[in-house]
Amino acid sequence: MTVSRHILHVDMDAFFAAVEQLDRPEFAGKPVIVGGAPEGRGMVSAASYEARTFGVHSAMPIKQALRLCPKAVFLPVRMERYVEVSREVHTVFEEFTPMVEPVSIDEAFLDVTGSRLLFGNAMKIGRELKQTITARTGLPCSVGVAPNKFLAKLGSDLEKPDGFVVITEENKQDVLDPLSVGKIWGIGKVTERSLQAKGIYTIAHLRHRTEHEIEEIVGNSASLLLKLAHGIDERPLEITRQAKSISSETTFANDI
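Just so we're clear, the structure is a prediction, and the values are computed from it rather than from any experiment.

Caption draft 1: Spatial organisation of the environment of Val-112. Mapped onto the fold, Val-112 is located in the loop between β6 (107-111) and α5 (116-119). Since its relative accessible area comes to 0%, Val-112 is described here as buried. Taking the C-alpha atoms as reference points, Val-112 and Val-218, separated by 106 residues in sequence, lie 34 Å from one another. Once you skip the residues sitting within four places of it in the chain, Val-112 turns out to touch His-6, Leu-8, Thr-97, Ala-122 and Ile-125.

Caption draft 2: Structural view of the packing of aromatic side chains. Evaluated as defined, the whole model comprises six aromatic pairs. Members of the aromatic cluster, each reached through a chain of ring pairs, are Phe-15, Phe-16 and Tyr-82. Residue placement shows Lys-149 over the ring face of Phe-109; its charged tip is 5.2 Å from the ring centre.

Caption draft 3: Focus on the sheet that holds strand β4 (residues 73-75). Pairing in this open sheet of three strands is mixed, and the strands run β3-β2-β4 from one edge to the other. Both edges of this open sheet fall to β3 (46-47) and β4, since each of them pairs with a single strand only. Inspection of the sheet shows strand β2 (residues 32-34) paired to β4 by three bridges, in the parallel sense. Paired with Val-34 across the two strands is Leu-75, which belongs to β4. In the packing of helix α1 (residues 15-23) onto the sheet, contacts are made with β2, β3 and β4, and the angle to β2 comes to roughly 120°.

Caption draft 4: Geometry of a negative patch on the surface. A surface patch of like charges, here negative, comprises Glu-211, Glu-213, Glu-215 and Glu-216. Structurally, the position occupied by Glu-211 is in helix α11 (residues 211-218). Overall, Glu-211 belongs to the partly exposed group, its relative accessible area being 42%.

Analysis parameters
- Residues numbered from 1 in each chain as written.
- Predicted model: local features only at pLDDT ≥ 70, side-chain atom pairs only at ≥ 80, totals over all residues.
- Heavy atoms only, no water.
- Helix = DSSP H or I, 4+ residues; strand = E, 2+ residues; numbered from the N terminus.
- Buried < 20%, exposed > 50% of the residue type's maximum accessible area, 1.4 Å probe, protein only.
- Contact = heavy atoms within 4.5 Å.
- Phe/Tyr/Trp six-rings, centres within 6.5 Å; stacked < 30°, edge-to-face > 60°.
- Lys NZ or Arg CZ within 6 Å of the ring centre and 35° of its normal.
- Pairing = 2+ DSSP bridges.
- Axes fitted to C-alpha atoms, helices over the stretch in contact; angles between N-to-C directions.
- Patch = residues over 30% accessible without salt bridge, like charges linked within 9 Å, V, L, I, M, F, W, Y side chains within 5 Å.
- Areas by Shrake-Rupley, 256 points an atom, 1.4 Å probe, with all protein chains shown as cover.
- Salt bridge = Lys/Arg side-chain N within 4 Å of Asp/Glu carboxyl O.
- Lys, Arg positive; Asp, Glu negative; His and termini not counted.
- Charge placed at Lys NZ, Arg CZ, Asp CG, Glu CD.

Listed below in structure tokens is the structure:
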């Protein structure tokens, strides 16, 4: 018998930029780009939602961001400050459940299956956790509530910023089917174009193809992608004390 799980995915919205707007209220409502001086050769580490409306996004060259949004406020990365706020957020997580899988400095999965006797159902827990994070830190976050990691992560992404989406076994296909096939984990831009070339544009299109048909396009990952298209994801949380990945970059003054 399959045990029903209750998973949350919490994602801090435009985290670095939001922290900068919190610490410097004069930048609230303005396009903020974190990553370095506009005359430099750095990359965008984070962009506020005001900057994103101009097409600015993370991992974009700073000079390109300047062309797109010349009136933006450009700020350096203050990693120590972001880590400090991240710890506050993770403290809130642990008040609701010890079952936390940190994904990065600004997002995590929480298994609240065993917390319902204390705090109520998963929807109630998700709302209370979201409100507590904002009350403690002053920052918005988006929360997805679902029976597995894939759907929870998808849910947190659907109504950003400050979103709250509940996906259940009953409504999952209604949510999934209209979405672009690129919303499925493991499908990048190249694979998405390969699928589109075969008439597979949405998750519904993928779901109605046979495993053999999909295998001819994506190879051995066909079975996994079809499971995800049906909202099936059996992966457990990886409970660790550290985020699964960190990143570092160096931008040189001249091309090498």
